[in-house]
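So the chains spell out like this:
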Amino acid sequence: MIPAPFAYHRAASLAEASRLLLELGEEARVLAGGQSLIPLMKLRLARPAALVDLNHIPGAAYVEKRGAELHIGAMTRHSALEDSPQAAALPILHDCAAGIADVQVRNMGTIGGSVAEADPHGDWAPVLLALNARIVTTGPEGERVVPISDFITDAFTTVLRPGELVREIRVPLQAGRSAGAYTAFKRCAPVYPTASAAVQVHMMDEDFCIEARVALGSVGLTPIVATEAAAALTGQAITPLAIERAAEAAMAAADPQPDLRGSADYKRVLVGALTRRALLAALARARGERVEMGHEYAAL
Ligand SMILES: Cc1cc2nc3c(=O)[nH]c(=O)nc-3n(C[C@H](O)[C@H](O)[C@H](O)COP(=O)(O)OP(=O)(O)OC[C@H]3O[C@@H](n4cnc5c(N)ncnc54)[C@H](O)[C@@H]3O)c2cc1C
């Protein structure tokens, strides 16, 4: 199927894109990588009257270390994050980027588009939650810096106002014995996850955890910050019992719906397994070990 007719506008800057969006009104949509929007338009589930294309804006895609943060331009493609030497400082970013769909989707899809889309099954949001990332927006009223935990408010819903765009994602770089890991379970490569877990730990030494963050994807209308799972680890020696308590708390925090990917019970058990795996990988990385991590597939 081909999309319904639409007007096409090529923005030369984010300011121009914002102005165009306001002028064109509610029926206009931003086009980033097009990997969520174009399929919806082809199915005629989305019929925007106008598209404002961000793809030709100079300087909108970058991964840069600035002070104690990694700054990622909204138009940075998943594949650029997969290959970025700067992003390699946080292996959890590679865990996520390298497993999104297939090469074609990764070469076109952007992190800004993924965050703005707020798909409950998207891979980036749980990772950015575990990292305590902040979203920089730009719009008619200037810039805002919004914690990712406040940015996504519901399924496919964010705090973006009319004419406002995602400009940048800011991720704190982790100091000392800090590390994270992400894993998602998928039926096969080019589909969204059935469930996913992102874990970030800050260790005092090999055993004692100063702080942990746990976030879950695909098991609620929004990504879930599993605070009780993090509490089971924070300020604790990480024993097998603590790991088990964290996994159980993550299962309790999940709010999965049954669908073609599996029953709610199945997804809950999956969350426990994924949390354990991500946590063990994060702990090993915090000890300085090199751990390959990423998405798990039911079928290749
Ligand atoms: C076959 C297939 C499989 C996929 N599998 C996965 C997967 O496993 N995991 C996963 O996370 N994703 C998956 N995706 C989605 C992919 O990651 C998309 O790239 C992403 O969700 C949207 O990014 P985009 O740049 O393509 O955005 P677009 O499709 O261009 O835009 C998506 C929405 O966000 C808005 N938007 C885009 N950029 C901005 C911005 N800077 N500011 C404000 N609004 C903006 C658009 O107007 C639109 O409403 C898959 C896609 C396909 C086609």
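Now for a description of the structure that goes with this document.

Reading the values: the criteria
Numbering of residues starts from 1 in each chain and follows the order in which that chain's sequence is written. In keeping with the model being predicted, local features are shown solely for residues with a pLDDT of at least 70 and side-chain atom pairs are shown and tallied solely at 80 or more, while totals for entire chains, interfaces and linings include all residues. Only heavy atoms go into the side-chain values, all of them from the structure, while hydrogens and water stay out. Helix numbering and strand numbering both begin at the N terminus, where a helix is a DSSP run of H or I of at least 4 residues and a strand a DSSP run of E of at least 2. Only C-alpha atoms enter the radius of gyration, while the globule expectation follows 2.2 Å times N to the 0.38, with N the number of residues. Contact definition: two residues touch when any of their heavy atoms are within 4.5 Å. By this definition, two strands are paired if DSSP reports at least two bridges between them. Convention adopted: a line fitted to C-alpha atoms gives each axis, helices being fitted over their contacting stretch, and angles between N-to-C directions are expressed from 0 to 180 degrees. The criterion is simple. A nonpolar core is a set of buried Ala, Val, Leu, Ile, Met, Phe, Trp, Tyr and Cys residues joined through side-chain atoms within 4.5 Å. Only protein chains enter the accessibility calculation, which uses a 1.4 Å probe; a residue whose area is less than 20% of its type maximum is buried, one above 50% is exposed, and one in between is partly exposed.

**What about the overall build of the chain?**
Line of reasoning, step 1. The helix and strand inventory of the chain stands at 11 helices and 16 strands.
Line of reasoning, step 2. For 300 residues, the compact-globule estimate of 2.2 N^0.38 gives 19 Å, and the C-alpha radius of gyration of the chain, at 19 Å, lies within 12% of that figure.
Line of reasoning, step 3. Dimensions of the chain, computed from C-alpha atoms along their principal axes, come out at roughly 60 × 45 × 30 Å.
Line of reasoning, step 4. Residue pairs in contact within the chain that sit at least 24 positions apart in sequence constitute 65% of those at least 6 positions apart.

**Considering the sheet that holds strand β1 (residues 7-10)**
Line of reasoning, step 1. As summarised here, the arrangement of the 3 strands in space is β1-β3-β2, forming an open sheet in which the pairing is parallel. Edge positions in the sheet fall to β1 and β2 (28-31), since each has one partner strand and no second. Each neighbouring strand pair of the sheet contributes to a mean axis angle of 25°, computed without reference to strand direction.
Line of reasoning, step 2. Helix-sheet contacts for helix α1 (residues 14-24) involve β1, β2 and β3 (50-53), and the interaxial angle to β3 is about 170°.

**As for the nonpolar core**
Line of reasoning, step 1. With 36 residues, the main nonpolar core has Trp-124, Val-127, Leu-128, Ile-169 and Val-171 as its most contacted residues.
Line of reasoning, step 2. When residues of this core are traced back to their parent elements, those giving at least two are β5 (69-73), α4 (91-97), α6 (111-117), α7 (124-130), α8 (148-151), β10 (165-172) and β11 (178-186).
Line of reasoning, step 3. When residues in this core are grouped by element, the largest group, 6 residues, is from α7.
Line of reasoning, step 4. Contact partners of Leu-128, with chain neighbours within four places excluded, come to Ile-111, Val-115, Ala-133, Ile-148, Ile-169 and Val-171.
Line of reasoning, step 5. Among the nonpolar cores identified, the runner-up in size contains 35 residues, and Ala-229, Ile-243, Val-271 and Ala-281 belong to it.

Fair warning: the whole summary comes from geometry, so function is off the table for now.
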